Amino acid sequence: MSNTAKYRNDFLKEVEANVEEGEWVKMCMQCGVCAGSCPLGNAWEHTPQKIFMMIRAGKRDEVLSSDAMWMCTSCYNCIVRCPREVPITHIMHGLAHYAKRLGLVPANQPTAKFAQLFWNNLSKRGRINELTLGLGLYFMNGFVEGIKTSIKMQSLGLNMIKTGRMNVMEIFGGHSVKDTSGFHAMLQKAEEIEATRIK
Amino acid sequence: MTEVVATNQTILVVGGGISGMTAALEAAECGKQVILLEKNPSLGGRVSQLYKYFPKLCMPTCGMEINLRRIKANPNVRVLTLAEVTQVSGTTGNYQVKVKLSPRYVNSNCTACGACADAVTAEFPNEYNYGLNNRKGAYLPFFMAYPQRYVLDPKIIGTADADKAQAACHCGAIDLDMQTEEMDLQIGSIIWATGWQPFDADKIQPYGHDRFANVITSVEMERMMDPMGPTGGRLVRPSDGQEAKNVAFIQCAGSRDRNYLKHCSRICCMATLKQTTYLREQFGDAGRATVYYIDIRAIDRFENFYQKVMKDDNIKFIKSKVANVIENKENNNPILRGVNTEGYHRYADEYDLVVLAVGMQPSVDFKSLGIDIVVNDNGFIEQNPHNGGMFAAGCASDALDVNRAVQNATASSLRAIQVINQVAGAEG
Ligand SMILES: Cc1cc2nc3c(=O)[nH]c(=O)nc-3n(C[C@H](O)[C@H](O)[C@H](O)COP(=O)(O)OP(=O)(O)OC[C@H]3O[C@@H](n4cnc5c(N)ncnc54)[C@H](O)[C@@H]3O)c2cc1C
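Residues numbered from 1 in each chain as written. Chains lettered and ligands numbered in written order. Predicted model: local features only at pLDDT ≥ 70, side-chain atom pairs only at ≥ 80, totals over all residues. Heavy atoms only, no water.

Enquirer: Just give me the short version of the domain arrangement of chain B, but keep the residues and values in it.
Expert: Residues and elements named next belong to chain B. Assigned domains within chain B: domain 1 (10-102 + 180-195 + 363-427), domain 2 (115-168) and domain 3 (199-360). Once you take the C-alpha centre of each, domain 1 and domain 2 turn out to be 27 Å apart. Contacts between the two partners involve 14 residues from domain 1 and, on the opposite side, 12 residues from domain 2. Between domain 1 and domain 2 lies a buried interface of about 1100 Å² when both sides are counted; carbon and sulfur atoms form 70% of it. Of all residues in domain 1, Pro41, Ser42 and Gln49 give up the largest surface area on contact with domain 2, accounting jointly for 40% of the area buried on that side. (Domains from an automatic or database assignment. Contact = heavy atoms within 4.5 Å. Buried area = accessible area lost by both parts, 1.4 Å probe.)

Below, the structure written as structure tokens:
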């Protein structure tokens, strides 16, 4: 092994190839304005600034199993302020997506869990079923907690029903796009395309 | 009417800052005929608004005085103030230039006694001090102004103040009937020495220059330090007039930023390093400075200056582009927030005053002025054969310090002289 081998940026190349907008990572100049601008920055382990430096340092496992990209709320403060117009929010989502494909998401990461619920719900019929999604979310962490949350959120649910934002009949399947099988064919095609793009 | 002699062996220098004065003098001292146009009522440009020069920390007034002496001694330079170019046509060795002369309402009888200023009452924001204080409607732009002649603000013309000024003048110097004049000049070569303007700090919303009294710009700090400036040379907080002893500097305020100015102005780091020494000069051991930076660009020989400042324990450096500034509502202290790249520590640091090190951008938009000259992405004039007999001097060509601006001006003067010599050769 040559002396410089440890500096080879294999992981940076991997990110550039597989992560949405990943080719921008090398443009970061470590000014820190994203880290300082993130409203949740103090709540997570790695700010975007840190994540980008870790990518360049080849810290593959730490990056892909970080909860940082799952904490992003897409407020876009970082993108707006970045002096180099690096699409930071998009990269964070890209990293989350890539980590998910590789099965490296931290266990019980709540955002990841909810994202999965949302996807499962949406991909069935092309429309979100507010009732089953809401119940799924309440019961995400077990039956007892689900009951407690349901009671707590009771009035919200009733108001949604009253204003036509939610329908109790949705429990029997709910509304869907007109052409469900066409919708599923589209999703499948998209997955195929993505599979060829990301190794 | 203003009488001006110009031929196609005349060099026109537009802009009377340090670069324009230098370019004009170099050519005039080589025996060429030069017209020097300045849009303000006085020569001097932005250098006259600085307290001290880096790297030697001497007073800019000194160089200004030498240049003014050279101008006064040289019959080849014709200085026109309150003058702006409105149109340029023609080609190398044969330009037709339209110039607009705005009225000063004060003629050459003026002895700069100041009686007119004492007589008038209306006040206006003082542009020389970046609006930090007011001046009267009859005023001398600054104590070293050239020509040493008062000016009447056009806004007082037609008001009682104008009559008061005229009545107060013992020398018959005030002429309220002066009109705007248009001139057509025949010119051989043009040197654009129109300089720079500070980037508008209000545009950098996260830093709150437009919202918080104690967030100022680097150019405003220079004015505060001037003993004849708006605060009499005291570095104070605009909110309460208290001494600003603990000061933060934010580098690249609007520079190297695709949202604002893309380029690096290169002098802002040196300007800040210089200004940290102002704190020590004014407050001794009680003066403290903290510099927030992306990287310090003290180019070539200025590295020594940087090294010297770094040795001072009262001056700290934090590698971080500040995310935003908020205000402590109780004492109006600015609080800087961000993350320190060295260690990734989050900070919220409170200071007496924050200085934004703003970048330099061209003062003239040549495109919209309809001047056929090649400019780069940042609006500075490029050296290009397409420009023919037109050249840039000083900060019209790039963000430069005085030393480089003057070297650049001398070079452009030589280029203009070459054009004139060709014209003279052809004419025999
Ligand atoms: C905060 C700060 C501190 C600085 N400190 C230092 C320092 O310590 N040492 C140092 O070496 N440099 C310093 N500089 C840089 C220095 O200010 C410039 O190098 C210098 O001003 C360049 O002179 P100039 O003649 O090219 O431009 P300017 O000083 O801008 O002069 C241009 C002149 O042209 C006139 N003009 C503009 N447009 C027109 C027009 N259309 N028609 C006619 N006239 C026009 C203007 O009124 C002005 O008089 C500092 C800069 C900043 C921002």
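Still more ground to cover, so stick around.
Enquirer: Residue-level account of the site of the ligand, with values.
Expert: All names here are of chain B. Near the ligand there are 34 residues, and of these Ser19, Glu38, Phe54, Lys274 and Leu400 occur at the shortest range. Taking Lys274, its side chain carries an N or O atom lying 2.7 Å from an oxygen atom of the ligand. Coverage of the ligand by the protein amounts to 97% of the 1000 Å² it exposes when considered alone. Of the residues belonging to the shell around the ligand, the class tally is 16 nonpolar, 11 polar and seven charged. Both domain 1 (10-102 + 180-195 + 363-427) and domain 3 (199-360) contribute no fewer than three residues apiece to the shell around the ligand. (Near = heavy atom within 4 Å. Polar contact = N/O pair within 3.5 Å; in protein donor to acceptor, adjacent residues only side chain to side chain. Areas by Shrake-Rupley, 256 points an atom, 1.4 Å probe, with all protein chains shown as cover. Nonpolar A, V, L, I, M, F, W, Y, C, P; charged D, E, K, R; others polar.)

Enquirer: A description of the interface of chain A and chain B should follow, citing residues and the corresponding values.
Expert: At the interface, 21 residues of chain A touch 16 residues of chain B. Summing both partners gives a buried area of about 1500 Å² for chain A against chain B, and 53% of it is carried by carbon and sulfur. On the chain A side of the interface with chain B, the three residues burying the most area are Cys31(A), Arg81(A) and Pro83(A), jointly 30% of the side's total. Joining chain A to chain B, the criterion identifies one salt bridge. Salt-bridge contacts for Arg258(B) lead to Glu85(A); the nearest nitrogen and oxygen are separated by 3.3 Å. On the surface where chain A and chain B come into contact, there are 11 residue pairs in polar contact (both at pLDDT 80 or more). (Salt bridge = Lys/Arg side-chain N within 4 Å of Asp/Glu carboxyl O.)

Enquirer: If you had to explain the domain arrangement of chain A to someone new, which residues and values would you point to?
Expert: Residues and elements named next belong to chain A. When its domains are assigned, chain A resolves into domain 1 (3-101) and domain 2 (110-197). Centre-to-centre, using C-alpha coordinates, domain 1 lies 29 Å away from domain 2. Each side of the interface is counted separately: domain 1 has five residues, and domain 2 has six residues. On inspection of domain 1 and its partner domain 2, the count reaches one salt bridge. As a salt-bridge pair, Glu194 and Arg101 come within 2.6 Å of each other at their nearest N and O atoms. Where domain 1 packs against domain 2, one counts three residue pairs in polar contact (both at pLDDT 80 or more). Residue contributions to the side of domain 1 that touches domain 2 peak at three residues, all from helix α7 (residues 88-101). Taken together, the residues of the side of domain 1 that touches domain 2 sort by class into one nonpolar, two polar and two charged. (Helix = DSSP H or I, 4+ residues; strand = E, 2+ residues; numbered from the N terminus.)

Enquirer: Account for the sheet that holds strand β10 (residues 181-187) of chain B, with residues named and values stated.
Expert: Residue and element names in this part refer to chain B. Judged by pairing direction, the sheet is antiparallel, and its three strands sit side by side in the order β4-β5-β10 without closing on themselves. Each edge of the open sheet is held by one strand with a lone partner, namely β4 (83-91) and β10. Averaged over all adjacent pairs, the angle separating strand axes in this sheet is 20°, with direction ignored. Two strands pair when backbone bridges link them, and β4 and strand β5 (residues 94-101) are joined in this way by eight bridges, in the antiparallel orientation. The partner of Val85 across the bridge, within β5, is Val99. (Pairing = 2+ DSSP bridges. Axes fitted to C-alpha atoms, helices over the stretch in contact; angles between N-to-C directions.)

Enquirer: With reference to specific residues and values, describe a nonpolar patch on the surface.
Expert: Residues and elements named next belong to chain A. A surface patch of nonpolar side chains, amounting to about 690 Å² of accessible area, comprises Leu135, Leu158, Ile161, Val168, Met169, Ile171 and Phe172. Looking at where Leu135 falls in the secondary structure, it is placed in helix α9 (residues 130-138). Exposure remark for Leu135: the relative accessible area of 33% places this residue in the partly exposed category. (Patch = residues over 30% accessible without salt bridge, like charges linked within 9 Å, V, L, I, M, F, W, Y side chains within 5 Å. Buried < 20%, exposed > 50% of the residue type's maximum accessible area, 1.4 Å probe, protein only.)

Enquirer: Could you give an account of the packing of helix α1 (residues 18-29) of chain B against helix α2 (residues 60-73) of chain B, with specific residues and numbers?
Expert: Residues and elements named next belong to chain B. Relative to each other, α1 and α2 sit at 40°, their axes nearing to 10 Å. For the crossing formed where α1 meets α2, the hand is left-handed. Residues Ile18, Met21, Thr22, Leu25, Glu26 and Glu29 of α1 form the contact with α2, whose participating residues are Met64, Asn67, Leu68, Arg70 and Ile71. Considered class by class, the residues forming the contact of α1 with α2 number six nonpolar, two polar and three charged. (Left-handed = near helix turned anticlockwise from the far one by under 90°.)

Enquirer: Describe the pattern of salt bridges, listing the residues and the values that go with them.
Expert: For side chains of opposite charge, pairing can occur when their charged atoms come near one another. For the coordinates displayed, the defined rule picks out 27 salt bridges over all chains. Salt-bridge contacts for Glu14(A) lead to Arg60(A); the nearest nitrogen and oxygen are separated by 2.7 Å. Taken as a pair, Glu14(A) in helix α1 (residues 10-18) and Arg60(A) in helix α4 (residues 60-64) lie far apart in primary sequence, 46 residues in all. For the salt bridge of Asp184(B) with Lys98(B), the shortest nitrogen-to-oxygen distance reads 2.9 Å. Pair noted here: Asp184(B) is in strand β10 and Lys98(B) is in strand β5, with a separation of 86 residues, a long-range link. On the basis of relative accessible area, Asp184(B) is assigned to the exposed category, the value being 59%. Take Lys98(B): its relative accessible area is 34%, and that puts it in the partly exposed class. Connected via shared salt-bridge partners are Glu127(B), Arg135(B), Asp153(B) and Lys155(B).

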